[in-house]
Amino acid sequence: MKTHFDVIVIGGGASGMMAAGRAAERGLKVLLLEKNKVLGKKLAITGGGRCNITNAEEQEGLLLAHYGSAEKFLYSSFVQFGTDDTFSFFSGLGLPLVVQEGKRAFPKTERATDVVKALAAYLRRGQVEIRTGVTVTGLNADMTAITGVVVNGVTLTADGYILATGGQSRTETGSTGDGFKWLRDLGHIVQEPTPTIVPLAVSDSWIRSLAGVALPDVKITFYVAGEKKLVLKGRILCTHFGLSGPLILNAAGQVADLLHAGPVTAAIDIWPKLDLGALDKQVTEIFDQHKNKVLKNVMKLVTPAGTATAILSLQTEIDVDKKVHSVAKEERKTIVRLLKAVPVVITGLMGYERAVVADGGLLLNEVDGKTMRSRKFANLYVTGDLLHISRPSGGYSLQLCWTTGWVAGSNV
């Protein structure tokens, strides 16, 4: 079995496949190593299986601003391969993209598995040798360069190495932080990761009973010890463990700060565009129109689809099986107040197993932003989630993978 290559890429995820394919496109002999039995395991489930492949923000300054303190570091790499290049790249692989709400771009087929298949075809075209189900135990190095990678007890060598093992989010897909350990062992400084873009865990059974149901166009207000601290507006997704969706994911860091200050509760306003009086008037009109129907059935007209029973379960004073014409004025007002402030108790953030993104990683001053090359080892390149770069959900994470993977593959 061949043991020396021009390039060895460790990690068969988004940035690893991009890096390997790009290096092979330049005529290099490339070996791609992956611990899972298949390539792109995490990529195949991103975006709920739809794969938010990039963000179509046309103004580069606005796009890079979403990467926070890494904005200047990423400038030269995004000049080489930006969002326009991502559209062209995947279209060239027979997978055109479409832009949806929030400038989020998806494959036209809306299947993440198609993205994996397209990248696999890219690798085949470059004749990349792929070895899956292999265990990398570490990198060997001298003072200035990587000298080999130990795989299943055998040392493989190359002229250049690309580390693309991913960070520490969605650990069930193999992103267990191996690359962080290897970088530390080499003497690099790695910021300890924390799950940042994650769903919220709640104690409320009514939320968990609505797993898969979306609450569109709502307002959620977070409180610490009864004091209002954070207000968000938009779409919320209920899950079997709590709250998710882009609105929640992108605010997880702020909620984490609140949890450090004390117990956090929240109130969901289902009708944020109406004040209490206006909503009471609207509910009254609906009740008058359906006064001979059962209350629990009419509640479907004033709550998001599929949520009426769960929301009504939050109160025990009103008989939900009685006719609407029997609902007293004060009972109606109780229902209206509930619709404006459905209570939720936040118990914490979900961990790495549910994280969309975990920050932390190799400090950026130890990487050349123009090439993704380590400043300590002349033949080591680092990509994607191994870099200490925070970003929101919305296509920014995968764009980071495409960009850094392509740049590394172009320069190795």
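Residues numbered from 1 in each chain as written. Predicted model: local features only at pLDDT ≥ 70, side-chain atom pairs only at ≥ 80, totals over all residues. Heavy atoms only, no water.

### Regarding the overall build of the protein
Then, in step 1: The number of helices and strands found in the protein is 13 helices and 22 strands.
Then, in step 2: In terms of principal-axis extent, the alpha carbons of the protein reach across some 80 × 45 × 40 Å.
Then, in step 3: Burial status across the protein gives 55% buried among its 412 residues.
Then, in step 4: Restricting the contact set of the protein to residue pairs at least 6 apart, pairs at least 24 apart contribute 73%.
Then, in step 5: If you sum the accessible surface of the protein, you get close to 17,900 Å²; carbon and sulfur atoms cover 51% of it. (Helix = DSSP H or I, 4+ residues; strand = E, 2+ residues; numbered from the N terminus. Buried < 20%, exposed > 50% of the residue type's maximum accessible area, 1.4 Å probe, protein only. Contact = heavy atoms within 4.5 Å. Areas by Shrake-Rupley, 256 points an atom, 1.4 Å probe, with all protein chains shown as cover.)

### Looking at the environment of Leu139
Then, in step 1: Within the secondary structure layout, Leu139 lies in strand 7 (residues 136-141).
Then, in step 2: Apart from residues lying up to four places away in sequence, Leu139 is in contact with Ile10, Ile146, Gly148, Val149, Leu186 and Leu380.

### A few points about the packing of helix 9 (residues 276-289) against helix 12 (residues 329-340)
Then, in step 1: Between helix 9 and helix 12, whose axes approach to 10 Å, the crossing angle comes to 125 degrees. As far as their axial angle goes, helix 12 and helix 9 are oblique. The way helix 9 lies across helix 12 gives a crossing that is right-handed. Where helix 9 approaches helix 12, its residues Leu276, Leu279, Asp280, Val283, Thr284 and Phe287 are matched on the opposing element by Arg332, Lys333, Ile335, Val336, Arg337, Leu339 and Lys340.
Then, in step 2: Classifying every residue of the contact of helix 9 with helix 12 by side-chain character gives seven nonpolar, one polar and five charged. (Axes fitted to C-alpha atoms, helices over the stretch in contact; angles between N-to-C directions. Parallel < 35°, antiparallel > 145°, perpendicular 65-115°, else oblique. Left-handed = near helix turned anticlockwise from the far one by under 90°. Nonpolar A, V, L, I, M, F, W, Y, C, P; charged D, E, K, R; others polar.)

### Quick word on the side chain of His290
Then, in step 1: Within the secondary structure layout, His290 lies in the loop between helix 9 and helix 10 (295-298).
Then, in step 2: The exposure class of His290 is buried, given its relative accessible area of 19%.
Then, in step 3: Beyond its immediate sequence surroundings of up to four residues, His290 is in contact with Val298, Leu301 and Val324.

### Here's the deal with the environment of Tyr396
Then, in step 1: Mapping Tyr396 onto the fold places it in helix 13 (residues 396-411).
Then, in step 2: Through-space distance from the C-alpha of Tyr396 to that of Ile45 is 16 Å; in sequence the pair is 351 residues apart.
Then, in step 3: Leave out the neighbours within four places in its chain, and Tyr396 touches Asn55, Leu63, His66, Tyr67 and Arg391.
Then, in step 4: Engagement of the side chain of Tyr396 in a polar contact is seen with the side chain of Asn55, the distance being 3.3 Å. (Polar contact = N/O pair within 3.5 Å; in protein donor to acceptor, adjacent residues only side chain to side chain.)

### Things to note about the pairing of strand 2 (residues 30-34)
Consecutive residues of a regular strand have side chains that alternate between opposite faces of the sheet.
Then, in step 1: Counting buried residues in strand 2 gives five out of five residues, a clear majority hidden from the surface.
Then, in step 2: Side chains Val30, Leu32 and Glu34 of strand 2 all project onto a buried face; the interleaved residues Leu31 and Leu33 project onto the opposite face, where all are buried too.
Then, in step 3: Here strand 1 (residues 4-10) runs beside strand 2; their pairing, made up of four bridges, is parallel. For Ile8, the partnering residue across the bridge sits in strand 2 and is Leu31.
Then, in step 4: For the crossover from strand 1 across helix 1 (residues 14-25) to strand 2, the handedness is right-handed.
Then, in step 5: Relative to strand 6 (residues 129-132), strand 2 runs parallel, the two sharing four bridges. Bridged to Glu34 within strand 6 is Thr132. (Pairing = 2+ DSSP bridges. Right-handed = clockwise from strand over helix to strand, strands pointing away.)

Honestly, it's all geometry; don't read function into it.
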